[in-house]
Amino acid sequence: MVGYKLTERGGLLVLVSRQHSSQECSECGHVAPENRPTRDLFRCVACGHTEHADVNAAKIVLRRGLWSLGRQLAG
Ligand SMILES: [Zn+2]
């Protein structure tokens, strides 16, 4: 449905894996379940980066999307 709408409007759909996005640090890339002391809080056990868990996960997904898009554009 989203893909259909984007095509209609000339947008672009990039599919991104969400795997471990909730446990990966957006600053240093460290992945650990311990990075999520609570449901809403992200606190990296490696570098100390602290952020709302949803914001951190959004940055991870954005980075993966840009990486995926770059690969597609590079052919
Ligand atoms: Zn970190």
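This text goes with the structure placed above it.
Report follows, based on the coordinates. Here the structure is a predicted model, which means the values were calculated and not measured.

## So, the environment of C47
Along the chain, C47 turns up in the loop between β1 (41-43) and β2 (50-52). Sequence separation of C47 and R71 is 24 residues, and the distance between their C-alpha atoms is 29 Å. Residues within four places of C47 in sequence aside, it is in contact with C25, E27 and C28.

## A look at the environment of V31
Structurally, the position occupied by V31 is in the loop between α1 (2-9) and β1. Sequence separation between V31 and A46 is 15 residues; the distance between their C-alpha atoms is 9.0 Å.

## Some words on the coordination of the zinc ion
Around the zinc ion, the donor atoms from the protein are C25 (SG), C28 (SG), C44 (SG) and C47 (SG), and they sit 2.3 Å away. One way to put it: the four donor atoms around the zinc ion meet at angles of 107 to 114°, and that makes the site tetrahedral. Expressed as a motif, the donor residue spacing for the zinc ion is C-x2-C-x15-C-x2-C. Residue C28 is located in the loop between α1 and β1, and its partner C47 is located in the loop between β1 and β2; the two are separated by 19 residues in the primary sequence. Classification of C28 by relative accessible area gives partly exposed; the value is 43%. The class for C47 is partly exposed, based on a relative accessible area of 42%.

## Comments concerning the pattern of salt bridges
Applying the stated criterion across every chain yields a total of three salt bridges. Where E24 meets R64, a salt bridge forms, and the shortest distance between an N and an O atom there is 2.9 Å. You can see E24 sitting in the loop between α1 and β1 and its partner R64 sitting in helix α2 (residues 53-74), a full 40 residues away along the chain. For E51, the salt bridge is made with K59, and the minimal N-O distance between the two is 2.6 Å.

Conventions and cut-offs
Numbering of residues begins from 1 in every chain and follows the order in which that chain's sequence is written. Thresholds applied to this predicted model are a pLDDT of at least 70 for local features of residues and 80 or more for the giving and counting of side-chain atom pairs; totals over whole chains, interfaces and linings are not thresholded and use all residues. Processing note: side-chain calculations cover all non-hydrogen atoms of the structure and skip hydrogens and water entirely. Only DSSP runs of H or I covering at least 4 residues are called helices, and only runs of E covering at least 2 are called strands; the numbering of each starts at the N terminus. Any two residues whose heavy atoms approach within 4.5 Å at even a single point are treated as in contact. Counted as donors are N, O and S atoms no farther than 2.8 Å from the metal, or 3.2 Å for Na, K and Ca; water is not among the atoms, and sites may therefore look incomplete. Key to geometry: four donors with every angle between 85 and 135 degrees are tetrahedral; four donors are square planar and six octahedral where opposite donors lie over 155 degrees apart and all remaining angles lie between 65 and 115; all other sites are irregular. When accessible area is computed with a 1.4 Å probe and restricted to protein chains, residues below 20% of their type maximum are described as buried, those above 50% as exposed, and intermediate ones as partly exposed. Here a salt bridge means any side-chain nitrogen of Lys or Arg lying within 4 Å of a carboxyl oxygen belonging to Asp or Glu.

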